[in-house]
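Observations on the three-dimensional arrangement
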Amino acid sequence: MITARLTDDNKGIAAAADILKADGVVAIPTETVYGLAASAFSDKAIEKVFIAKGRPQDNPLIVHISDIGMISSAVSEFSPIAKTLADAFWPGPLTLVLKKSERIAESVSRGLDTVAVRMPSHKVAREVIKAAGIPLAAPSANISGSPSPTTADHVIADLDGRIDAVIMSGSSEVGVESTVVSLVTDPPRLLRPGRVTAEELMEYIPNLVIDKAVLSEPEKGEKVASPGMKYKHYSPKTEVLLISGSEEAFADFVNKQENCLAICFTEDEKSLTCDYLSYGAKTDGEAQAKSIFSLLRKADTLGKDKIYIHAPEKTGVSLAVYNRLIRAAAFRVIEL
Ligand code: TXA
Ligand code: MG
C-alpha cells in the first residue's frame, strides 16, 4: 500500500474525508498526539486500524466528534455530569467513557457496552470529522507499544505503507494523549491522566477517584477498567529506567553509568557529566508532556545501552508524564 501525504488545507481535508467515507484509514493531527482515524460506524474500517497498529484485540478505541450535535450518534445517554464536563473542557483533551449508542460499531469498544468519546480542539481534526460527517475512532497513530506520535514524521516512521494517508501538519501542542474519565462508574474514575488534570476535574467532580492503574502495574489476571493501561507502552527500543530522587542523587547515579543517556530536568543539566537530553523544568509539566515522546524516539538513535529518566512529579500535568514513563520503563523505578 502507498501512503498518500495530504496537505492540512481544504484540499487535503476533503481527500481525507473521501478515504474515511470509503472505510479507509487516515492519520490526522490532533492537539494531543496524531491519531489513526477510521469510521466509528464501520467494523471493516476499525479492523484496518487494529491491523495497521498491531493493536491488542481487547483494547477499545476513542471516538472523536466535531460538534456536540454528533454526540447522540456516539452515546446512548449524555448525563448531566457528562454535559457539565463537556461544557467545561470541550473542545479539548478530555475523553469521557459513557454508555455506547447502537450505531457505534461493535469493534470500536471490543465487546464493552461503553464508548470513550472526545471532541478535539485541533482545527484540522475537527474539520476532517465534519467533512466525513461521521464520528471517527482514532487511537494514537503509532505501532502499538512504541512512543506516541507527535509529528507527521513520527507517523511515517511507524506506519508508512500500512495506512491509506497521513495529513502532514505541525507538531502536537499537548504532546501526551487525552485525559480519560469514566462516568459509567459511581464515583467517576480517572483512567488515564492527561493535560486536563485531576485537580481541574475535581473542581467539577470532587468525588473523582484515581484508578490504581494510573500509577501502578495491574496484578496478573486483574480486571482493569481501561484495557490500554495494562500493556507495556510508549517504549523506545533502548531499555528505559525511571529514577526517583533529588537532583544531587540523580546526578551521582547517572554520572557513574557507562554508555547511558540521561533524560533530565533543565535544573539537572549543570550537574551531569554524561550525555543528556532535558525534557523541561521539574515543575513544568506542560513542557515535559510536549517533549517526552519526541525525546524517547530521539534517544533510540543515539546508540546507548540504557536510558535513565529523572522521574517527574505525580501532580498536575506531570502525573500524565509519570503515567507514560512508568510504562515505558515496564514499571521499573529506582528509588534513590
Ligand atoms: O488523545 C487521545 O486520546 C488520542 C488522540 C488521537 O485523540 N487517542 C488515543 O487513543 O490516545 P488510544 O487508543 O491510544 O488510547 C485509548 C485509551 C486506551 O487506554 C483505552 O483502553 C481507553 O482509552 N478506552 C477506550 N475505550 C474505553 C472504554 N470504553 N472504557 C474504558 N477505557 C477505554
Ligand atoms: Mg496509544
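Rules of the game
Residue numbers run consecutively from 1 along every chain, following the written order of its sequence. As a convention, the first chain written is A and the first ligand written is 1, with the rest following in written order. Local features are withheld for residues below a pLDDT of 70 in this predicted model, meaning they are given only at 70 or higher, and side-chain atom pairs are given and counted only at 80 or more; totals for whole chains, interfaces and linings count all residues. Heavy atoms throughout the structure, all of them, feed into the side-chain values; hydrogens and water do not. Helix numbers and strand numbers start at the N terminus; a helix is a DSSP run of H or I with at least 4 residues, a strand a run of E with at least 2. For the radius of gyration, the atoms used are the C-alpha atoms, and the globule rule reads 2.2 Å times the number of residues raised to 0.38. Throughout, exposure labels follow a simple rule: accessible area from a 1.4 Å probe, protein chains only, divided by the maximum for the residue type, with under 20% read as buried, over 50% as exposed, and the rest as partly exposed. Here, two residues are considered to be in contact whenever any of their heavy atoms come within 4.5 Å of each other. Each accessible area is a Shrake-Rupley estimate made with a 1.4 Å probe; only the visible protein chains count as cover when residues are assessed. When charges are counted, Lys and Arg contribute as positive and Asp and Glu as negative, whereas His and the chain ends are disregarded. Think of each charge as sitting on NZ of Lys, CZ of Arg, CG of Asp or CD of Glu. Within 3.5 Å is the distance limit for a polar contact, defined as a pair of N or O atoms, with the added protein rule that one can donate a hydrogen and the other accept it, and that residues adjacent in sequence qualify only through two side-chain atoms. Here is the rule: rings of Phe, Tyr and Trp (six-membered ring for Trp) pair when centre to centre is within 6.5 Å. Planes less than 30 degrees apart are stacked, more than 60 are edge-to-face, and the remainder are tilted. A ring is considered to have a charge above it if a Lys NZ or an Arg CZ atom is located within 6 Å of its centre and within 35 degrees of its normal. We define a salt bridge as a contact between a side-chain nitrogen of Lys or Arg and a carboxyl oxygen of Asp or Glu at a distance within 4 Å. As used here, the term nonpolar core means buried Ala, Val, Leu, Ile, Met, Phe, Trp, Tyr and Cys residues forming a set that is joined through side-chain atoms within 4.5 Å.

With that settled, the discussion passes to the overall build of the protein. A count of helical and extended segments in the protein gives 11 helices and 16 strands. For the protein, whose C-alpha radius of gyration is 19 Å, the value lies close to the compact-globule estimate of 20 Å for 336 residues. Counting only C-alpha atoms and orienting by the principal axes, one finds that the protein spans roughly 55 × 50 × 35 Å. Across the 336 residues in the protein, those meeting the buried criterion constitute 57%. Within the protein, contacts between residues at least 6 apart in sequence are counted, and of these 67% link residues at least 24 apart. Accessible surface, the protein as shown: approximately 13800 Å² in total, 50% of it carbon and sulfur. Taking the 38 positively charged and 44 negatively charged side chains of the protein as two groups, their mean positions are separated by 4 Å.

A few words on the side chain of Glu177. Within the fold, Glu177 resides in the loop between β8 (165-168) and β9 (179-182). Side-chain polar atoms of Glu177 contact the side chain of Ser148, separated by 2.4 Å. Of the polar contacts made by the side chain of Glu177, one reaches the side chain of Arg324; its length is 2.8 Å. Not counting residues up to four positions away in its chain, the partners in contact with Glu177 are Thr32, Val33, Ser148, Arg192, Pro193, Gly194, Tyr234, Phe293 and Arg324.

Taken as a whole and assessed by the stated rule, the structure comprises 5 aromatic pairs. Ring geometry for Phe78 versus Trp90: centroids 6.4 Å apart, planes at 25°, classification stacked. Taken together, the positions of Phe78 in the loop between α3 (71-74) and α4 (80-89) and Trp90 in the loop between α4 and β5 (94-99) put the pair 12 residues apart, joining distant regions of the chain. Residue class for Trp90 comes out buried when judged on its relative accessible area of 9%. The ring centre of Phe41 lies 4.2 Å from the NZ or CZ of Arg103, which sits over that ring.

Right, let's talk about the pattern of salt bridges for a bit. Counting across every chain of the model gives 16 salt bridges. When the shortest N-O distance is used, the salt bridge between Arg5 and Asp160 registers 2.9 Å. Of the two residues, Arg5 sits in strand β1 (residues 4-7) while Asp160 sits in the loop between α7 (152-159) and β8, which places them 155 residues apart along the sequence. Arg5 sits in the partly exposed class, given a relative accessible area of 43%. Residue classification places Asp160 among the partly exposed residues on the basis of a relative accessible area of 39%. Between Glu127 and Lys123 there is a salt bridge; the shortest N-O distance is 3.7 Å. Of the two residues, Glu127 and Lys123 both sit in helix α6 (residues 123-132), 4 residues apart, roughly one turn of that helix. For Lys123, a relative accessible area of 59% corresponds to the exposed category.

Turning to its location among the elements, Tyr279 is positioned in the loop between β14 (275-278) and α10 (285-299). Judged by its relative accessible area of 1%, Tyr279 falls in the buried class. When the C-alpha positions of Tyr279 and Ala40 are compared, they lie 35 Å apart, and in sequence the two are 239 residues distant.

A few words on the nonpolar core. If you look at the biggest cluster of nonpolar residues, it comprises 66 residues, and the most contacted ones within it are Val108 and Leu201. Counting residues in hydrophobic clusters, the runner-up holds 30 residues, among them Tyr279, Ile309, Tyr322 and Ile326.

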